[in-house]
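Examination of the molecular architecture
Letter by letter, the chains look like this.
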Amino acid sequence: MSGMDEDARTGSRIRNRVESNEGAREDRRDFLRYTGLTAFGALVGMTVPFERNLPSGFVPVALAQDAEQLMPGKQGLKLLNDRPLNAETPAHLLDDEITPYERLFVRANGLVPQSALDQDAEGWTLTIDGEVKNPLELSIDDLKSQFENVTSRLVIECGGNGRAFFQPGASGNQWTVGAVGCPEWTGVRLADVLKKAGVKDSAVYTGHYGKDVHLSGNPEEDVISRGVPIEKALEPDAIIAWAMNGEPIPALHGFPLRLIIPGYPASASHKFLTRIWVRDREHDGAKMTGYSYRMPARPVAPGTEVPESEMVVMTTMPVKSLITFPETGSSVSAGQSTEVRGHAWDGKGDVASVHVSIDFGQTWTEAELEPPANKFAWQRWRTHVTLPESGYYEVWARATNSEGVSQPPVVPGWNPRGYGNNMQHRIAMIAT
Ligand SMILES: Nc1nc2c(c(=O)[nH]1)N[C@H]1C(S)=C(S)[C@@H](COP(=O)(O)O)O[C@H]1N2
Ligand SMILES: [Mo]
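The structure displayed is predicted, hence computed values, not measured ones. (Residues numbered from 1 in each chain as written. Chains lettered and ligands numbered in written order. Predicted model: local features only at pLDDT ≥ 70, side-chain atom pairs only at ≥ 80, totals over all residues. Heavy atoms only, no water.)

**Considerations on the site of ligand 1**
Taken together, 19 residues form the shell around ligand 1, and within it Asn109, Asp212, His253, Arg258 and Lys271 come nearest. Between His270 and ligand 1, the recorded distance is 3.2 Å, taken from a side-chain N or O atom to a nitrogen atom. Burial of ligand 1 by the protein chains amounts to 100% of its free accessible area of 530 Å². Classifying every residue of the shell around ligand 1 gives 10 nonpolar, five polar and four charged. (Near = heavy atom within 4 Å. Polar contact = N/O pair within 3.5 Å; in protein donor to acceptor, adjacent residues only side chain to side chain. Areas by Shrake-Rupley, 256 points an atom, 1.4 Å probe, with all protein chains shown as cover. Nonpolar A, V, L, I, M, F, W, Y, C, P; charged D, E, K, R; others polar.)

Rendered as structure tokens:
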């Protein structure tokens with residue numbers, strides 16, 4: 001059989017699958033890219049006799065590093081899962097002050113809606129209802145024209161960033177350090193929109209809804225629906241965004257509208273946003289209850305089985321920093337001064353200092369810390385280190401917030417699902 005025939009056969013196999021897949025339309029290429037496993041054979045270029053046995057969520061080893069194939073335009077991300085799509089960014093690729101699309105982590109709980117893949121915002125509306133005096137239904141043009149437009153750099157960080165370091169391990173995506181980024185977002189203040197709707201005194205919490213599709217394919221089932229206390233929603237920094245880095249929000253990041261609620265786990269920053277339901281109680285939507293994005297109310301010993309009734313919703317994210325230059329494992333000359341730099345951020349937007357150690361935490365040097373571009377933007381820190389003689393070193397970075405709380409050297413507060421790990425970031429450096 002000639003190569004052409006084989007290609008044609010593969011092609012028709014893919015087409016059959018695409019055509020039998022609800023919602024996946026003529027855009028075969030995007031289908032392949034976003035739901036890669038279904039067409040795994042086509043991607044590896046040969047048949048996969050046991051394909052149907054591959055457990056859902058498993059990334060074929062042959063494709064594990066091919067994040068670019070599943071996520072058009074992403075560069076150098078590490079794929080953790082492809083259904084749903086989850087990928088993190090190695091620390092040294094997060095050196096930019098404003099995280100570009102290419103290097104922003106992806107965390108999906110469900111499937112990206114077809115409208116986002118098509119960049120089709122036709123007829124999109126955002127509903128504000130519940131405990132408000134004037135429920136609103138706003139088009140994207142209404143948002144743009146009726147409220148002050150704002151642009152700010154806001155950190156988003158997954159609540160489970162750092163999960164991989166918990167012992168005993170916690171189930172979920174094994175994020176190491178790269179489920180964080182700081183793009184520039186443009187939109188309107190969530191507070192302005194809520195004020196226009198007239199928040200009633202009975203309002204306690206928000207509940208967020210979006211258009212992504214549950215992995216089961218059931219359109220009735222919510223992928224995720226989280227919320228924040230109304231006081232947080234009314235702070236001036238949270239925005240309803242339609243642009244990221246000056247462009248329409250890319251499909252993977254929530255086209256055409258998303259919330260950005262800085263300082264909270266990014267799960268509150270709802271993508272593909274269609275509705276904000278103002279509640280008279282703590283929101284109880286999908287992934288708000290049970291063990292999702294919840295921590296034990298009191299510290300527990302690692303491995304403790306915590307009853308659900310003792311879990312509380314995760315809120316403000318802890319102070320944290322990353323070393324983004326040099327890349328871990330870099331070599332330098334002994335005795336020569338080398339720049340080390342990174343970013344620091346805090347859930348209350350208040351980083352006070354960053355310190356760096358080259359001797360496993362015995363001594364610390366204060367780094368230069370730049371002010372943030374705006375509240376909740378990450379802050380650049382930099383310093384110089386000199387590795388005294390040849391050998392193996394580690395650079396450790398430790399941020400402290402204005403309340404005097406610092407990053408711990410080891411994993412803090414073990415919890416069943418591995419949230420909130422703000423341990424110090426460490427890189428290896430070799431002096432020759
Ligand atoms: N609609 C919707 N919004 C969502 C999610 C989702 O699965 N669906 N995931 C949340 C989680 S858990 C995170 S960490 C961030 C990830 O944002 P990003 O993919 O743009 O980096 O989006 C949040 N918003
Ligand atoms: Mo997340």
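Read on, since the account is not over.
**Describing the environment of Ala233**
Residue placement: Ala233 occurs in helix 8 (residues 230–233). A relative accessible area of 0% means that Ala233 is categorised as buried. Considered as a pair, Ala233 and Tyr205 are 28 residues apart in the sequence and their alpha carbons are 8.2 Å apart. Setting aside residues up to four positions removed in sequence, Ala233 forms contacts with Leu190, Ala191, Leu194, Thr206 and Val228. (Helix = DSSP H or I, 4+ residues; strand = E, 2+ residues; numbered from the N terminus. Buried < 20%, exposed > 50% of the residue type's maximum accessible area, 1.4 Å probe, protein only. Contact = heavy atoms within 4.5 Å.)

**So, the nonpolar core**
Counting residues in hydrophobic clusters, the biggest one holds 62 residues, and the most contacted among them are Ile128, Leu143, Trp185, Leu190, Val193, Ile240 and Leu257. If one sorts the elements of this core by residue count, strand 11 (residues 239–244) sits on top with six residues. Contact partners of Ile240, with chain neighbours within four places excluded, come to Leu126, Leu143, Thr186, Gly187, Val188, Leu190, Val193, Leu257, Arg258, Leu259, Leu273 and Ile276. Counting 19 residues, the second-largest nonpolar core is a separate cluster that includes Trp381, Tyr393, Ile427 and Met429. (Core = buried A, V, L, I, M, F, W, Y, C linked by side-chain atoms within 4.5 Å.)

**A closer look at the sheet that holds strand 21 (residues 365–366)**
Read across the open sheet, the five strands follow the order 18-25-24-20-21; overall the sheet is mixed. Of all the strands in the sheet, the pair left with one neighbour each is strand 18 (330–332) and strand 21. Sheet topology note: the strand 24 (residues 391–401)/strand 25 (residues 425–431) ladder contains seven bridges and is antiparallel. Bridge pairing in strand 25 links Gly391 to Ala431. (Pairing = 2+ DSSP bridges.)

**Some thoughts on the packing of aromatic side chains**
All chains considered together, the criterion is met by five aromatic pairs. Plain terms: the ring middles of Trp345 and Trp378 are 5.7 Å apart, the flat faces sit at 45° to each other, and that makes the pair tilted. Within this pair, whereas Trp345 is found in strand 19 (residues 337–345), its partner Trp378 is found in the loop between strand 22 (368–369) and strand 23 (379–386), the two being separated by 33 residues in sequence. By the burial criterion, Trp345 is buried, and Trp378 matches it. Consider the rings of Phe360 and Trp396, whose centres lie 6.0 Å apart with planes at 65°: the pair is edge-to-face. (Phe/Tyr/Trp six-rings, centres within 6.5 Å; stacked < 30°, edge-to-face > 60°.)

**Regarding unusual backbone geometry**
Trans is the common state for peptide bonds, and a negative phi is the common state for residues other than glycine. Along the chain, Gln167 connects to Pro168 via a cis peptide bond; the corresponding omega equals -10°. Position of Pro168 among the secondary structure elements: in the loop between strand 7 (156–157) and strand 8 (180–181).

**Things to note about the pattern of salt bridges**
Opposite charge on two side chains makes pairing possible when the charged atoms of those side chains draw close. All chains considered together, the criterion is met by 17 salt bridges. Put simply, Asp129 and Arg275 hold a salt bridge, and the shortest N to O gap is 3.1 Å. With Asp129 in strand 4 (residues 125–130) and Arg275 in strand 14 (residues 273–279), the pair connects residues that are 146 residues apart, well separated along the chain. The salt bridge involving Arg281 is made with Asp280; its shortest N-O contact spans 2.9 Å. Residue Arg281 is classed as partly exposed on the basis of its relative accessible area, which comes to 47%. Asp280 gets classed as partly exposed once you look at its relative accessible area, which sits at 35%. When salt bridges that share partners are traced, they join Asp95, Glu97, Glu339, Arg341, Glu370, Arg380 and Arg382 into one network. (Salt bridge = Lys/Arg side-chain N within 4 Å of Asp/Glu carboxyl O.)

Worth remembering: the numbers are spatial, not functional.
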